[in-house]
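# Examination of the molecular architecture
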Amino acid sequence: MSAFHSNKAKTVSSQIGLASAVFGRHFTVETTAGEWFSCVMRGKKGGVACGDKVEFRITAPGQGVIEKILPRKTLLYRSDAFKEKIIAANVTQIVIVVAAVPSFSEELINRCLVAAENQNIPVIIVLNKTDLAEPTQAAIRLLGLYETLGYPVLKLSAINDVSALEPYLENRLSVLAGQSGMGKSTILNALVPEAQRATAEISTVLDSGCHTTTHSRLYHIDDNSAIIDSPGIQAFGLHYIKTENLAWGFIEFHPYIGQCKFHNCRHLNEPGCALAYAANQGEISTRRLAFYHKLLENGRE
Ligand SMILES: Nc1nc2c(ncn2[C@@H]2O[C@H](COP(=O)(O)OP(=O)(O)O)[C@@H](O)[C@H]2O)c(=O)[nH]1
Ligand SMILES: [Mg+2]
Ligand SMILES: [Zn+2]
């Protein structure tokens, strides 16, 4: 072969892969052939998220440079006034994990639901640690509201058995969301034994500052199902949701949007507000309307 041809052969090796691990500016990209490459992004740009389909060029055995992120089907991210952080790309389901012990934040559930509705991503809520029977009762009552809104609430004791979760994960790319200590790593290790994510003991104050999960990773469950574990999902800044779009994040508000007396009603104290009326009539939950108000008024960081 001439020198011309062999040079050319070196430069045409652009490939498509899946970003399956993100460590700051370093990425693992895997191909459908099952090869793994340690990659960086071309130039200074970051922005590759776990779950991204990328175009990359092999630069050395096992190494590559990501040249392009392919268009995303969904993008789950959070932001405050200063910066935004991508949590995962292309996910088709969010699994919110909560447990009665330690106590969970209902506000975080609501923030997560707003982000999910914004991207049209289905959600399931997993109530873990149901072996802790007594505290679990109160959590079941609280989560009843979300069940009536149409979000499945699955009761689980991950230290015993996660098989009830498996059918929900089939043929989807899911992302695990939830505060530290809820049992996400325990669930993941049970689903994907080779994951071996470190589980954290959260019994002491010292431990609570030590997050053992430090980077985003995608784990294959089978050929068509995978799950992403992401550290960035404890806080859920919604700075990017515009005021006029916030109500759309509350699924049961949808029928009332546009029915208020004022077309630019913010659903606070305006006269003729259809949402306030619906809450008075018991058609929507005052708890959810209060979360809406909180997000509207206190900023969405
Ligand atoms: N009782 C009980 N404890 C659990 C269960 N699942 C996880 N844990 C414990 O909760 C703690 C936090 O779990 P971990 O998986 O690290 O939570 P993560 O921070 O959400 O990843 C660990 O001590 C786990 O052993 C469960 O189903 N029942
Ligand atoms: Mg963990
Ligand atoms: Zn209104």
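Residues numbered from 1 in each chain as written. Chains lettered and ligands numbered in written order. Predicted model: local features only at pLDDT ≥ 70, side-chain atom pairs only at ≥ 80, totals over all residues.

## Section: the overall build of the protein chain
Regarding its fold elements, the protein chain presents nine helices and 13 strands. Looking at the protein chain as a whole, 36% of its 301 residues are labelled buried. The long-range fraction of contacts in the protein chain, counting pairs at least 24 apart against all pairs at least 6 apart in sequence, stands at 62%. (Helix = DSSP H or I, 4+ residues; strand = E, 2+ residues; numbered from the N terminus. Buried ≥ 20, exposed ≤ 12 C-beta atoms within 10 Å, placed from the backbone. Contact = placed C-beta atoms within 7 Å.)

## Notes on the confidence of the model for the protein chain
Taken as a whole, the protein chain shows an average pLDDT of 88; of its residues, 87% reach a score of 70 or greater. Every residue in residues 1–10 is under pLDDT 50, and counting partners more than four places away or in other chains gives one contact. Note that pLDDT drops below 50 for residues 201–213; the model gives that stretch 17 contacts with residues more than four away or on any other chain. (pLDDT = per-residue confidence, 0-100.)

## Observations concerning unusual backbone geometry
Following V101, the chain continues into P102 via a peptide bond in cis, with omega recorded as -10 degrees. We note that N120 has phi near 60 degrees; this positive angle belongs to a residue other than glycine. Examined against the element boundaries, N120 turns out to sit in the loop between α2 (106–118) and β9 (123–128). Taking the C-beta count within 10 Å as the criterion, N120 has 9 such neighbours and is therefore assigned exposed. Even without being a glycine, N171 presents a positive backbone phi close to 60 degrees. Turning to its location among the elements, N171 is positioned in the loop between α4 (166–169) and β11 (173–177). Residue class for N171 comes out exposed when judged on the 11 C-beta atoms lying within 10 Å of it.

## A look at helix α5 (residues 184–191)
Buried residues dominate α5, accounting for six of its eight residues. Among the residues of α5, those classed as buried are K184, S185, T186, I187, L188 and L191. Contact partners of the buried residues in α5: β8 (93–99), β9, β11, β12 (216–222) and β13 (225–229).

## Notes on helix α3 (residues 133–148)
Taking 1.5 Å as the rise per residue, α3 with 16 residues should run 22 Å; its terminal C-alpha atoms sit 22 Å apart, in good agreement. Residue L142 marks the point of greatest curvature in α3, where the axis turns by about 30 degrees. Within α3, burial applies to A139, L143 and Y146. In this structure, the buried residues of α3 make contact with β8, α2, β9 and β10 (153–155). (Expected span 1.5 Å × (residues − 1). Bend = angle between axes of the 7 residues up to and from the residue.)

## Considerations on the nonpolar core
Counting residues in hydrophobic clusters, the biggest one holds 76 residues, and the most contacted among them are I94, I96, V98 and V175. Aside from chain neighbours lying at most four places away, what touches I94 is C112, A116, I121, V123, V175 and A177. (Core = buried A, V, L, I, M, F, W, Y, C linked by C-beta atoms within 7 Å.)

## Remarks on the environment of G34
Along the polypeptide, G34 turns up in the loop between β2 (26–30) and β3 (36–41). With 6 C-beta atoms packed within 10 Å, G34 lands in the exposed category. Each C-alpha atom, one on G34 and one on G17, is 9.7 Å from the other, the two residues being 17 residues apart in sequence.

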